[in-house]
Structure formats: structure tokens, C-alpha cells
Amino acid sequence: MPPTLEIERHLPPTRIVLGRHTAHIYWFHGFAGSGKSAISLEIARIYASSGRLLASYFFFRNAGDRSRMNRFALTLASQLAAVVPAAAPFIEAAMKAEPGLLTDRVSLSTQLEKLVYRLFQAAVKGPLFVKTLAKGPFLVVIDGLDECEDKRGVEEFLTHALGFFKRHPSIPLRIFIASRVEQHIHAHIKHDEGVVVRNLNDHSPDEDVRRFLEASFQIAAKQNPVIQAYIHEHGSWPTPSDKGKLTRHIGGSFILASTIFKLIVQPPTEEDFMTPMERLPLTLEMNGLDSVYTQTLSRSQHLPHFRVIISTIAFIFRPLSIVEISALLGIEAFEVVRVLLNLQAIIRVPGTDEKGIVTLSHKSLLEFLTTESRSGSLFVPPSFHLCLAYYFFSWNSEESNDSAWLPAYSRFHKHWGSFATSGASDFFNEIERFKACPPLRDGGLPYPAFFCTVFFYALGLPYPSNDASYLFTGCAKQLALAAECPEPLLQIEGWLRNSTFMSLMDKIHRDIPSFTEGTCKTLQHHLQRASTAIYANMRFSFYISCPVIFVDCAHSFLDS
């Protein structure tokens, strides 16, 4: 048996001791904000420094691929190849032997077996690993498993891993999992003899929180001249009594401790002139994270564009810089900065507008914003993905060249897909509500081009035929409106040229549903309008190069 896993570290601000064991899976669970991710990062750092971190994967809810299992095996395999170069030829051979290995047709268990476990077994038999293995087994760190929205995938991963380790008890590989307690995780590994379970909540964190506050306030005192002047005149700050009250009020939540500290020492702004000494007593009146988030966000809630800026930061799949956010939303960069200056206790704001990205400080803020019963008027509904789809659609189409469409399609498609599959709102009512009051943004394609594209994509969803009629006629009408817009002609042309759009039209042309006579006449009317406008407004060279599929489509299905 390889050397047992033994970790004994003090983590600032979290302390954890993992006992000696011979199991292959270590499940570490605790409540939100208790420091699980900090522990995962530190353990990953420790193992990386000894050359034994095989891979790490951090799940995040509502974060595209990071919230699903579809790229899990590939990510682990690519990291394995980087750490264990001898495994790279095995991975290439496996992919060559089975080209469809990473498609949906192949189960997650098969992907993990062929791309990770077997390859690790083959690679570690080489002589290069004798010295490394003498230090102990290799480790895979998985954080936030409860954040993965693919519950079946999580269950399949756990079931397969437990079975694999039972079949290969001597393999020098361990898996560290940190998550909150969720039934689909708990039921699979709670009582398995191959799993060591530790509850972070069993560890009293009050002393760690006190030490964190002590160290943090000492650093703040060295950097803040206002605190320095106060201490010079009044003595130590915060007083031992204040720190004791704060520690008890925080109740062992490290994210709450970190957020409250940032809120206390945050620099003053034109909306908030209070000093840290004045803010500290107010934080003792805040009741948990929800209260902290509500009161912090309220500092900027009255400012222009607050809601769209916060909603964008919360929902966007790839974080952006301040300049990129302003360009996406069609507002000035200083307006984004003005909103964010008051929120630095809960949002990470880069030091420059052009470099660095804006992100939420903790995933609990996203959970707060997306749970209406907690956030109230600050609630960000799933339908905001439709707004983001529009912003990306418009932002990326401002360039006249055709190459601008690819990023537009990719980003638009992700947010459109999230809106269409959220299941949390009435699909058609949300579209009509959006049409009635679309977001204001200068430049880019006119609204009808976006609505037309939305209706086209919706036609690919499994709706009844009467809904398909509504979508098809709506699409034709928006196409006519877009073609009739006098400008910007270059953007309209680029939109019509798009190969993805054309392919979708061709698909609809081949699979046209049965419509009533009234629907057919409506379609014919709008498509004829579109055809007339295209002839009148578009450049002749464009018209020759772009098939008039709209009229052709109308005629072929109306005559059939």
C-alpha cells in the first residue's frame, strides 16, 4: 500500500487537520461561507508543491461548462498529461482509437475510465515516478461538487470512482471533494467504507475568525491614515470588546467575516463619507450575509444603470473588464466605476478599467441575487439571460465584417440557451415583455434583427405546432422590419450573410410544419415585404452573393 494521506496544516484564516487514513476518497463538507474553497485551494497548493497534484476542478453554479460535467473528464485528462507527460501518448492513442470518446454518446464513466484512470495506471508504472511516489499518492481536488447542475453526472462520477477504487485498492491516487451536503452526493458516499467523511461544522472556527480579524485590522491600520490618526488619539482600534462582539456576531462564517471587514475599511465615496470607526457599530446590526448584501448593494441602488450592471456581473459566463462591460451595455466606463466603487466589499473590482476582470467576491452573492425570497427588489431573474443575449448580439455585430459574427453567435447562443432552458419563466410572455420594453443601447443591429434571430432559434425547441406558427410568423414579421430599417445597412447585410443563420433557414425550409391558410397568407405578406426591402436597400453585389432564401422559402412552402 502506498504511503497514507496525511495533511496537517494551518490555513489562514482556516485551520484544518485531516487525519491519517487509507481510503481513496475524502469528502469534506460544510455550510456556505465556511471556508471549503480556501481549504481546497491550500490542499491543491501543498500537493502541487510536491509534484503530486494530478488535477483540480472547481465547479461554479450558473457558469456554463463549470456548472456541468460535459468537459470534466477532458479537463482532468489534460491536466494529467501536463503533470504526467508519459500519459500524453496514451491519451492520444485513446482518442485516435475512439474519435467519439468525448461526445454525448459516450458515458462519463467510460470517458473517465479511458482518459484518466487507466492512463494514470499505465503512466505511474514508469521509473520516473519512484521518487515522487515515495512522498505519497497523487491527488485530484474537486471543489464545489454541489455546484454542478448535472446531478446524474455527479452520481455517475461517484459511483464509478468508488467501483474503480474497489477494483484497484492499491492505486496511488486519492480524490479530495469539498461541497455542501446535498442528497445526491450524501446518499452515494456517506456510508461507503472507501470514503472518509469530515464535517467542517464540527470544527469551532471562532478562534480562527478572531485571528483573521486581528491580522486584517493590523494591516488596515498600517495602510489607512484615518485609522492611524484615530489610534494615535484614542488608543487601540478595534478594542478587544469590539473584536469579541464581531467574532460572536459573525458566527464562524469566513465569508461573512471577510465581507464585514471589507465593508468596515472600504474607502469613503461621495455617497458614503463614514469612517471605519463609524461603520463598525453598524455592521453589528446586520443579520447574516443577506443583510450585509442588501445594505451594501443599497449604497449604489439609486445610481443609473445599477440593476443592469449588477445583473450582468452576476450572470455573465466569462467575466469582463470595466471597459468591456461599458462597451457591452453601451454606457460610459465611468458609470460602471461609479456603481462599483460602493460595492468593493462584495465585488472584486480591478485596479484599472482596461485590465483585470470584475467578479463577485463569493458565490453566495450569486445565490442571494437569484433567490427572490432573499433578495427581494434586488432579485435577478433567469430572464435576464435574454437581455445578455441581446447585448452580445448587438455588441459583436457593430463591426461590418462577417468575421464579427462568430463571437456574437457564441456568446449570444450561450445566454439565449440559458434563457430558453431555464424553465423558471413563461417563455413567450418573457419575449413579448422584452419586445415591449427592450433595453436602450445605441449602435449595432436594430431590435427586429435580434427578435427575428430569437424566433428562429425558438423554432428549434419542442413546442406545439400552434406555437411554431406564432414563432414562424413572428420571425417573418421581424425579418421584414429588419430589412426595412434604413440603417445600419452594413450590419444588416452581415447578419443576413451569416452561415449559421442560412443553415437554420435551410433546415426550416426542409421541415416546414402544417399551417392554416391565414398563417400562410401572413407569412407570404411579411416575406414579400422582406424581399422588397432587400431589393431596395441592399447593395447589388451583396444581393447577388446572398441567395434570396426568404422569398424562395415562402413560395416553396406556400405552394406545397
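That block above? That's the structure.
Parameters at a glance
- Residues numbered from 1 in each chain as written.
- Predicted model: local features only at pLDDT ≥ 70, side-chain atom pairs only at ≥ 80, totals over all residues.
- Heavy atoms only, no water.
- Salt bridge = Lys/Arg side-chain N within 4 Å of Asp/Glu carboxyl O.
- Helix = DSSP H or I, 4+ residues; strand = E, 2+ residues; numbered from the N terminus.
- Pairing = 2+ DSSP bridges.
- Axes fitted to C-alpha atoms, helices over the stretch in contact; angles between N-to-C directions.
- Contact = heavy atoms within 4.5 Å.
- Buried < 20%, exposed > 50% of the residue type's maximum accessible area, 1.4 Å probe, protein only.
- Expected span 1.5 Å × (residues − 1).
- Parallel < 35°, antiparallel > 145°, perpendicular 65-115°, else oblique.
- Left-handed = near helix turned anticlockwise from the far one by under 90°.
- Arc of directions from axis to C-beta.

## A short note on the pattern of salt bridges
Side-chain pairs of opposite charge can arise whenever the charged atoms involved come near each other.
Okay, step 1: Counted by the stated rule, this structure contains twelve salt bridges.
Okay, step 2: Of the charged contacts in the structure, one is a salt bridge between Glu147 and Arg180, with a shortest N-O distance of 3.0 Å. In this pair, Glu147 sits in the loop between β5 (138–143) and α6 (151–167) while Arg180 sits in the loop between β6 (173–179) and α7 (183–189), placing the two residues 33 residues apart along the sequence.
Okay, step 3: Overlapping salt bridges bring together Asp146, Glu147, Arg180 and Glu367 as one network.

## Focus: the sheet that holds β6
Okay, step 1: Pairing is parallel across the open sheet formed by five strands, whose spatial order is β4-β5-β6-β3-β7. Edge positions in the sheet fall to β4 (53–58) and β7 (195–199), since each has one partner strand and no second. Taking the axes of each pair of neighbouring strands and ignoring which way they run, one obtains an average angle of 15° across the sheet.
Okay, step 2: Along the sheet, helix α2 (residues 72–83) makes contact with β4 and β5, crossing β4 at roughly 150°.

## Looking at the pairing of β6
Okay, step 1: Counting buried positions along β6 gives seven out of seven residues, so the element sits mostly inside the fold.
Okay, step 2: On β6, burial covers both faces: Leu173, Ile175, Ile177 and Ser179 on one face and Arg174, Phe176 and Ala178 on the other are all buried.
Okay, step 3: As judged from the five bridges shared by strand β3 (residues 25–29) and β6, these two strands associate in the parallel manner. Within β6, the position partnered with Trp27 by the bridge is Ile177.

## Quick word on the pairing of β4
Okay, step 1: Counting buried positions over the six residues of β4 gives six, a clear majority of the element.
Okay, step 2: Two strands pair when backbone bridges link them, and β4 and β5 are joined in this way by five bridges, in the parallel orientation. When the sheet's bridge partners are listed, Ser56 is paired in β5 with Val141.

## Remarks on α6
Okay, step 1: Between its first and last C-alpha, α6 extends 24 Å over 17 residues, near the 24 Å set by a 1.5 Å rise per residue.
Okay, step 2: Within the span of α6, buried status applies to Gly153, Val154, Phe157, Leu158, His160, Ala161, Leu162, Phe164 and Phe165.

## Things to note about the packing of helix α11 (residues 254–265) against helix α13 (residues 288–297)
Okay, step 1: Relative to each other, α11 and α13 sit at 30°, their axes nearing to 10 Å. The orientation of α11 relative to α13 falls into the category roughly parallel. For the crossing formed where α11 meets α13, the hand is left-handed. In this structure, α11 contributes Ile255, Leu256, Thr259, Ile260 and Leu263 to the contact, and α13 contributes Gly288, Leu289, Val292, Tyr293 and Thr296.

## A word on helix α21 (residues 427–436)
Each α-helix winds once per 3.6 residues, and so residues spaced three or four apart point in a common direction.
Okay, step 1: Along α21, the residues classified as buried are Phe427, Phe428, Glu430, Ile431 and Phe434. The buried residues of α21 occupy an angular sector of 160° when projected down its axis, which confines them to one face.

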